[in-house]
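An overview of the molecular structure
Chain by chain, the residues run as shown.
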Amino acid sequence: MVGLGAAAIVVAVASLLASLLDAPDAAPLLRVVAIAGVAARYSEVRRALLERSLSFRRSVGIQSASVAVGWIAAVVAASQGAGAWSMVIQLVTTEIVQAAALATGPGRRVPALHRDEIGPLWTHGREVLGAGVGAFVFNNGDDAAVSATLGPAALGPYRFAYDIANAVTYMLTRPVNRLLQPVWARVRADLGNWAYAYHEVLRMLSLVGGILVLGIAVHGPAALGVAYDGRWDFITPTIRAFAVYGLFRVVGASTGSIFVAAERPAVMRRIITGQNIGLLVALPIGLATDDITWVAVAVTVPLVVATLVSLAAACSITTLPRREAVRTIVGGWTIGLAVNLAGVPVRLAVDDEVIGLGLAGAVVAALAGLVVARSGVLRRAEAVSVSASAG
């Protein structure tokens, strides 16, 4: 019902929103996106029930497959000249495929609720809903401001840089946050186990996120230059600014589920509210420069501050020492940067840029696989999940 209501509101005010964005052609795009929102809300309930039954592999498989199908649909549409509609097609395809897959198998039946259970659920849920609304405002407010202030011509490169820098961020954060909540719910009574589990999750997120996100920051601009013959070289600083955004967003992905599992969603809502206040202060400063890189920096600063506050709160809840958490995160990022920098001399040593990128990618992939395997971070994270599920 919430999804239908939100979709109806977006459809009704689509023309008004498009005029505020100074993009009248965006109205039909907004209406179609609203339809995707209905499918997304449907999937939320089914996915929660699926994960409640500890069917983590099926949940991750469905999400990963739906994202892959969506991107394939977007590439095909873009190659046929669909323009902005290709991204809308990607979103709609992803959500519909995901909803269809979740409509079958475990989690397809929604349990009935007694009226006495609705009150406590609403008290808890309204904080989560408020946090979700705040996150939506933060994730989309900068796009609206860039379009309205700097114009649609600036929004294109700005959003393109964001999507490139955060290409792996979404795929890492969405499944991780969902899969961790049942784990935290199992281990929260044992603070020692919770601290250990959270430490291992931070190790995994910082190492894997560092390798992937910093890989885009280090080698992404060169790959983009080859693919587009240097036409997008001017967004290289913006991509690297958004890579910092992505690094903090990945490690912060674990905190929301901790607040929910600890029955403290109000903490999450307050942090996101503060993040939006920071955006209101920083964004006009970035827009005043007429430079999308400084806008990206202005958006990244409140996210970094909010993530640090969230990590501190999560450490307090799980009793993980904050210094240990910081050392773990910085260590993972440092390894990720070193792995990617090792590929730079290989890339520069070859005259053919395509071959150089391919060789650099092979070196980085080999080193990354070796580092991840030797660290045992994925094995220990899986052991934490299995032990929590068994408990």
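Not measured: the values here are computed from a predicted model. (Residues numbered from 1 in each chain as written. Predicted model: local features only at pLDDT ≥ 70, side-chain atom pairs only at ≥ 80, totals over all residues. Heavy atoms only, no water.)

Now for the overall build of the chain. Along the chain, the regular secondary structure elements total 16 helices and zero strands. A buried classification covers 45% of the 391 residues belonging to the chain. Just so you have it, the chain exposes about 19,300 Å², and 68% of that area is on carbon and sulfur atoms. (Helix = DSSP H or I, 4+ residues; strand = E, 2+ residues; numbered from the N terminus. Buried < 20%, exposed > 50% of the residue type's maximum accessible area, 1.4 Å probe, protein only. Areas by Shrake-Rupley, 256 points an atom, 1.4 Å probe, with all protein chains shown as cover.)

Moving on to a nonpolar patch on the surface. Taken together, Leu129, Val133, Phe136 and Val137 make up a surface patch of nonpolar side chains, about 370 Å² in accessible area. Considering the arrangement of structural elements, one finds Phe136 in helix α5 (residues 115-150). For Phe136, a relative accessible area of 54% translates into the label exposed. (Patch = residues over 30% accessible without salt bridge, like charges linked within 9 Å, V, L, I, M, F, W, Y side chains within 5 Å. Salt bridge = Lys/Arg side-chain N within 4 Å of Asp/Glu carboxyl O.)

The next subject is the nonpolar core. Looking at soluble globular proteins, one finds that nonpolar side chains tend to be buried together. Judged by nonpolar contacts, the single largest core of 60 residues is most densely connected at Tyr158, Tyr198, Ile239 and Phe242. Of all the elements in the fold, those that place two or more residues in this core are α5, α6 (152-165), α8 (191-227), α9 (236-251), α10 (255-261), α11 (265-288), α12 (292-318) and α13 (322-341). By residue number, the principal contributor to this core is α8, which donates 13 residues. The residues contacting Tyr158, other than those within four sequence positions of it, are Asp142, Asp143, Val146, Phe242, Ile292, Val295, Ala296 and Val299. If you look at the next biggest cluster of nonpolar residues, it comprises six residues, including Leu207, Val339, Ala368 and Val372. (Core = buried A, V, L, I, M, F, W, Y, C linked by side-chain atoms within 4.5 Å. Contact = heavy atoms within 4.5 Å.)

Take the packing of α12 against α13 next. The description of two helices packed together rests on the angle between their axes and the distance between the axes. With their axes 9 Å apart at the nearest point, α12 and α13 run at an angle of 125° to one another. As the angle between them shows, α12 and α13 are arranged oblique. The crossing of α12 and α13 is right-handed. Together, Leu311, Ala312, Cys315 and Ser316 of α12 and Arg322, Ala325 and Ile329 of α13 make up the contact between the two elements. Here the contact of α12 with α13 is built from residues that sort into five nonpolar, one polar and one charged. (Axes fitted to C-alpha atoms, helices over the stretch in contact; angles between N-to-C directions. Parallel < 35°, antiparallel > 145°, perpendicular 65-115°, else oblique. Left-handed = near helix turned anticlockwise from the far one by under 90°. Nonpolar A, V, L, I, M, F, W, Y, C, P; charged D, E, K, R; others polar.)

Here we take up the packing of aromatic side chains. Taken as a whole and judged by the stated rule, the model has eight aromatic pairs. The interplanar angle of 85° and the centroid separation of 6.1 Å between the aromatic rings of Phe160 and Tyr228 together place this pair among those described as edge-to-face. With Phe160 in helix α6 and Tyr228 in the loop between α8 and α9, this residue pair connects regions lying 68 residues apart in the sequence. Look at Phe160 and you get partly exposed, because its relative accessible area is 22%. Pairing Phe248 with Trp333 gives two aromatic rings, centres 5.0 Å apart and planes at 65°, and the pair type is edge-to-face. Here Phe248, found in helix α9, pairs with Trp333, found in helix α13; they are 85 residues apart in sequence, far enough to count as distant. Each of the two residues, Phe248 as well as Trp333, counts as buried. A connected cluster of aromatic rings, assembled from ring pairs, spans Tyr158, Tyr162, Phe242 and Tyr245. (Phe/Tyr/Trp six-rings, centres within 6.5 Å; stacked < 30°, edge-to-face > 60°.)

Time to look at the pattern of salt bridges. As enumerated under the stated definition, the model contains four salt bridges in all. Of the charged contacts, one joins Asp163 and Arg159 as a salt bridge, the two residues approaching to 3.4 Å between their closest N and O atoms. Placement of both Asp163 and Arg159 in helix α6 is noted, with a separation of four residues, approximately one turn of the helix. With a relative accessible area of 26%, Asp163 lands in the partly exposed category. A salt bridge links Glu324 to Arg327, with the shortest nitrogen-to-oxygen separation between them at 2.8 Å. Pair noted here: Glu324 and Arg327 are both in helix α13, with a separation of three residues, about one helical turn. Taking relative accessible area as the criterion, Arg327 reaches 54% and is therefore assigned exposed.

An α-helix turns once per 3.6 residues; consequently, residues spaced three or four apart project the same way. Under the 1.5 Å per step criterion, the end-to-end length of α12 is 38 Å for 27 residues, consistent within 8% with the ideal 39 Å. A large share of α12 lies buried, amounting to 19 of its 27 residues. Phi turns positive, to about 65°, at Thr319, one or two residues after α12. (Expected span 1.5 Å × (residues − 1).)

Phi at Asp229 takes a positive value of approximately 55°, unusual for a residue other than glycine. With respect to the secondary-structure elements, Asp229 resides in the loop between α8 and α9. According to the relative accessible area criterion, Asp229 is exposed, its value standing at 65%. Positioned with a positive phi, Thr319 is a non-glycine residue whose angle comes to about 65°. Examined against the element boundaries, Thr319 turns out to sit in the loop between α12 and α13.

Next up on the list: the side chain of Asp142. Considering the arrangement of structural elements, one finds Asp142 in helix α5. As a buried residue without a salt bridge, Asp142 has its nearest oppositely charged side chain in Arg159, at a separation of 5.4 Å. (Lys, Arg positive; Asp, Glu negative; His and termini not counted.)

Tracing the backbone shows His199 in helix α8. You can call His199 buried: its relative accessible area is 14%. As for His199 and Pro321, which are separated by 122 residues in sequence, their C-alpha atoms are 9.3 Å apart.

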